[in-house]
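Residue strings, one per chain:
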Amino acid sequence: MEISGKVALVTGGASGLGRATVEELVGAGARVVVADLPGSPGQALADSLGDAVRFVPTDVTSEDDVSRALDAAADLGGLHVAVSCAGIVLARRVLGRNGVHDLASFAKVVSVNLVGTFNVARLAAERMVALDGPASADGMDGAAADRTSGEAPEERGVIVNTASVAAFDGQVGQAAYAASKGGVAAMTLPLARDLADLRIRVMTIAPGIFSTPMMASLPAEAQESLAAQVPHPRRLGRPEEFARLVRTIVENPMLNGEVIRLDGGIRMAPR
């Protein structure tokens with residue numbers, strides 16, 4: 001898909017991987033809705049990037065909040081790309097010094113990271129289909145049925161979700177986080193299959209250890225230790241490297257239904 005002139009939604013877009021993605025897409029000529037929590041620097045980011053960007057305070061687990069963000073995308077011309085970067089982390093053992101892992105915190109991580117990602121994907125797909133008319137009951141529409149005639153664009157939209165290498169190499173204390181990101185990875189192919197006849201692609205990126213505000217909260221020696229675990233390049237990933245992969249996914253129509261590890265070859269140790 002050609003990015004220039006298109007409209008994108010980026011959740012978690014006010015910082016870290018999401019912010020880099022917003023900046024990459026704007027640089028490629030897109031108009032972007034930044035969806036992030038009310039207390040985030042989302043408005044400041046939108047102000048710095050000009051009229052091409054709007055900030056909408058958003059909790060990804062709220063249907064109403066996500067719908068408002070998608071309304072903003074419609075005002076900009078209609079949604080073509082949805083990138084889910086919103087997420088939270090939790091480090092807690094099943095049985096630790098403070099007792100058993102509480103169920104509420106496990107459920108919250110899964111709700112934000114997995115349910116929130118699905119919430120955005122399903123509502124974004126609905127808006128993408130609405131760009132050129134509703135689909136029929138069997139999932140096909142006139143444009144999709146005539147996809148080989150040259151009369152309709154090859155694709156309506158692209159959805160890019162964010163998992164983690166923890167989905168495959170979850171460490172001690174990562175039961176909740178790994179479960180949530182494993183769910184994001186596992187639903188990639190069925191989402192892509194569900195939406196294929198509607199000409200919407202779905203991909204997932206599973207980043208390794210990246211230099212984000214979350215990582216910056218760790219002591220310097222902890223960051224250095226984590227960076228040293230990456231085979232090559234032996235450093236933390238840079239948010240702009242994640243953003244460039246998002247751009248590649250959007251621009252390459254043969255990328256569909258797959259999870260791409262973006263991790264420098266790391267395989268996480270138990271701890």
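Residues numbered from 1 in each chain as written. Predicted model: local features only at pLDDT ≥ 70, side-chain atom pairs only at ≥ 80, totals over all residues. Heavy atoms only, no water.

**Section: the environment of Arg235**
Link 1 in the chain: By the secondary structure assignment, Arg235 is in the loop between helix 10 (220-228) and helix 11 (239-251).
Link 2 in the chain: Once the C-alpha coordinates of Arg235 and Ser211 are considered, the two residues, 24 residues apart in sequence, prove to be 9.1 Å apart.
Link 3 in the chain: The residues contacting Arg235, other than those within four sequence positions of it, are Ala227, Val230 and Glu241. (Helix = DSSP H or I, 4+ residues; strand = E, 2+ residues; numbered from the N terminus. Contact = heavy atoms within 4.5 Å.)

**Concerning the packing of helix 3 (residues 63-75) against helix 4 (residues 103-130)**
Link 1 in the chain: Between helix 3 and helix 4, whose axes approach to 10 Å, the crossing angle comes to 35°. Of the two possible hands of crossing, helix 3 and helix 4 adopt the one that is right-handed. Touching Glu63, Val66, Ser67, Leu70, Asp71 and Ala74 of helix 3 are Asn119, Val120, Arg122, Leu123, Ala124 and Arg127, all from helix 4.
Link 2 in the chain: Classifying every residue of the contact of helix 3 with helix 4 by side-chain character gives six nonpolar, two polar and four charged. (Axes fitted to C-alpha atoms, helices over the stretch in contact; angles between N-to-C directions. Left-handed = near helix turned anticlockwise from the far one by under 90°. Nonpolar A, V, L, I, M, F, W, Y, C, P; charged D, E, K, R; others polar.)

**Regarding helix 1 (residues 16-27)**
Note on helix geometry: an α-helix contains 3.6 residues per turn, so any two residues three or four positions apart are oriented the same way.
Link 1 in the chain: Helix length check: helix 1, at twelve residues, gives a terminal C-alpha distance of 17 Å against a target of 16 Å (1.5 Å per residue), a fit within 8%.
Link 2 in the chain: Those residues of helix 1 lying buried are Gly16, Leu17, Gly18, Ala20, Thr21, Val22, Glu24, Leu25 and Val26. (Expected span 1.5 Å × (residues − 1). Buried < 20%, exposed > 50% of the residue type's maximum accessible area, 1.4 Å probe, protein only.)

**Looking at the environment of Leu95**
Link 1 in the chain: Inspection of the secondary structure puts Leu95 in strand 5 (residues 95-96).
Link 2 in the chain: Sequence separation between Leu95 and Gly18 is 77 residues, and the spatial gap between their C-alpha atoms is 33 Å.

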